[in-house]
Amino acid sequence: MLSQQQFRTRALIFLAAMLIFTASALRCIGLETHPPGFFRDEADKGYTSCLLWKTGKDSAGKSYPLFVQSLRVTTSALYQYVDIPFIAALGLNERAVRLPAALAGCGAILVTFLLARRWWGRSAGLWAAGFLSVCPWHFLLSRWANQSIFLTVWVPLAVFWYDCFLDRKTVATKTLYGLLSAVAFALALYTYEPARLFIPLFLILLSALAVVYRLEKKERLWVVFPLILVAVLAVPMAHHILTEPEESGRRFRAISIFGASSYAEIVFLFVKNYLAHFSPFFLFFGGDANLRHSVGFPGQIQIYLLPLLIAGIWNTVRHGGYRERLLLGWLVLFPVSAACTNEGIPHALRSIFALPVLHLISADGGFYIKNYFVRYSKVQLFERVAALWSICTVCLVILFFFVCFSVYPYYSVHYWEYGYREAIHWWMDHREEYPNAVVTGMAEYPEVFFLFYGKENPERWIESHTIPNVEFLPTGQSMRSRYRSNDPGVAYLVRPGELPGVVPQHVIDVGASGPPVWIWVGQPREKKD
């Protein structure tokens, strides 16, 4: 017969496990339509994966590159390689492109559970994983094709294996876990450019803490082993950066704070940008202003974590050990990479290293609060407070999912470049009437959508970089100078209002959420008898 306390504990564990399972399942359903539309970066990733799968080359003709040219900048090719088996199995479509991110989100929940369980036990693991599973920040980034979501797997996995590495006593097991940890850190380096600053700093932190808190004097030389392995694995990336500095650094130079006029201004911008990522509005109430990075309400994380975070941070400061100092250092380091940039600050993608450290600290803080009440024999008060907190938490989680699936798709459509799929499919269905298409220069990188939805022949694209029967006006050029009303068989894809007075042949609208986004105009070719 279970005692009342045992029953409550098992019930909480069951509920946490169900929450994690449900939130993981929700990451994988409806990827074709939620988020609405399909952003150009996603279309480019999908088509590049198709190129690599069918030709072994990227759009620039490079064979099996570590870095690919994406929308005129160079970026990691890791997501594209991971996506190849999904496209091979499911075809070139939105679900196949977004599914790796969804599965990475599920994987991050599992790794968070394993890390927290290793440190504090199974209950803490479930709570930390549960917090991450319903985190608005993590949930949204798990549903579209962005490489940053992989960092929420690699970084905690590397920490988990590093912890195993420190605990092992035999040479064989130390070597194994040191190698696994180094591989996870190296994968993080190759995943997303902000990791190139965060990972070295984080490795220095881990090594210092290992020497001070975990390793005996005769074992301390072991800290060099993972560092050497990561350095070796990073050689191809370093070679790319050194031999192709213009290509590899183009994006960072465009958004870096280091172009400021003086050192004082650089320091000021860094501090301002750094502190912005701890803003209560960013974390709890409004989130990132870019609606691809945040649903707008709540913030990047839920307000119910605030008391747990405060308690967890207090515990890490007061009880200084390896885990506590690691969590505190991780918290301090997470905005550093984002603070070096001056675009879209605070920026949820470049500061994604906050996941899952915020949730690990929150889980630790929750148990710290419970132990505090128990220590002072206030168990009944704790149960009442916990019940009230649980009710508020459940309500806020339900509200978030309602906003995410019922409201957010309407007010975020423009951020997801909604309408390309519908517009291109309309033209493809009417190719007999309109064999040629002209696309306005008021669109940004429209060619990637014609490649993706038109499933353009990979060899032809690599060789010619043209799409048959489609003309793209130079970026920024309006259709007014190009449109010919007496040119039969040509369909012009324009923005609403770009050609005043011209009657559209087809309108792509966004329903009740706003005005039309695209219009096809032109005269159909006369059908031959």
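Look a little higher up for the structure.
Note that the coordinates shown come from a computational prediction; the quantities given were computed from them, not determined experimentally.

### Brief notes about the packing of aromatic side chains
Now for step 1: Enumeration over the complete set of coordinates arrives at 40 aromatic pairs.
Now for step 2: Between R98 and the ring centre of W416, over which it is positioned, the NZ or CZ distance is 5.7 Å.
Now for step 3: Directly above the ring of F165 sits K174, whose terminal nitrogen or CZ lies 4.9 Å from the centroid.

### Examining the pattern of salt bridges
Now for step 1: Within the structure shown, the criterion is met by 17 salt bridges.
Now for step 2: Residue R118 is joined to D167 by a salt bridge in which the shortest nitrogen-to-oxygen separation is 2.6 Å. A residue pair is termed long-range when its members are at least 10 positions apart, and R118 in helix α4 (residues 94-120) and D167 in helix α7 (residues 151-167) qualify at 49 residues.
Now for step 3: You can call R118 partly exposed: its relative accessible area is 28%.
Now for step 4: Across the salt bridge formed by R350 and E343, the nearest N and O atoms sit 2.9 Å from each other.
Now for step 5: Residues participating in the shared-partner salt-bridge network are R118, D163, D167 and R214.

### Structural notes on the pairing of strand β3 (residues 436-439)
Now for step 1: Pairing between β3 and strand β5 (residues 490-494): four bridges, direction parallel. Each bridged residue has a counterpart across the sheet, and for V439 the counterpart in β5 is L493.
Now for step 2: As paired elements, β3 and strand β4 (residues 470-472) share three bridges and run parallel to each other. Residue V438 lies in a different strand from β4, and its bridge partner there is E471.

### Some thoughts on the sheet that holds strand β6 (residues 506-508)
Now for step 1: Strand order in the open sheet made by the five strands is β4-β3-β5-β7-β6, with mixed pairing throughout. At either margin of the open sheet sits one strand with a lone partner, and together these are β4 and β6. If you compare each strand with its neighbour and ignore which way they point, the axes differ by 15° on average.
Now for step 2: Along the sheet, helix α21 (residues 420-429) contacts β3, β4, β5, β6 and β7 (518-521); its crossing angle with β7, the most-contacted strand, is approximately 15°.

### Looking at the packing of α21 against helix α22 (residues 447-454)
Now for step 1: At their nearest, the axes of α21 and α22 sit 10 Å apart, and the two run at 60° to each other. In terms of axis orientation, α21 runs oblique to α22. In the crossing of α21 with α22, the sense of the turn from one axis to the other is right-handed. Contacts from Y420, R421, I424, H425, W427 and M428 of α21 reach α22 at F449, F450, Y453 and G454.
Now for step 2: Of the residues contributing to the contact of α21 with α22, the split by class is seven nonpolar, two polar and one charged.

### Digging into the pairing of β7
Now for step 1: With burial as the criterion, each face of β7 is covered, one bearing W518 and W520 and the other bearing I519 and V521.
Now for step 2: For β5 and β7, the ladder comprises three bridges, and the chain directions are antiparallel. Across the sheet, residue L493 finds its bridge partner in β7, namely W520.
Now for step 3: Pairing of β6 with β7 involves three bridges; the strand directions are antiparallel. Bridge pairing links H506 to W520 in β7.

Conventions adopted
- Residues numbered from 1 in each chain as written.
- Predicted model: local features only at pLDDT ≥ 70, side-chain atom pairs only at ≥ 80, totals over all residues.
- Heavy atoms only, no water.
- Phe/Tyr/Trp six-rings, centres within 6.5 Å; stacked < 30°, edge-to-face > 60°.
- Lys NZ or Arg CZ within 6 Å of the ring centre and 35° of its normal.
- Salt bridge = Lys/Arg side-chain N within 4 Å of Asp/Glu carboxyl O.
- Helix = DSSP H or I, 4+ residues; strand = E, 2+ residues; numbered from the N terminus.
- Buried < 20%, exposed > 50% of the residue type's maximum accessible area, 1.4 Å probe, protein only.
- Pairing = 2+ DSSP bridges.
- Axes fitted to C-alpha atoms, helices over the stretch in contact; angles between N-to-C directions.
- Contact = heavy atoms within 4.5 Å.
- Parallel < 35°, antiparallel > 145°, perpendicular 65-115°, else oblique.
- Left-handed = near helix turned anticlockwise from the far one by under 90°.
- Nonpolar A, V, L, I, M, F, W, Y, C, P; charged D, E, K, R; others polar.

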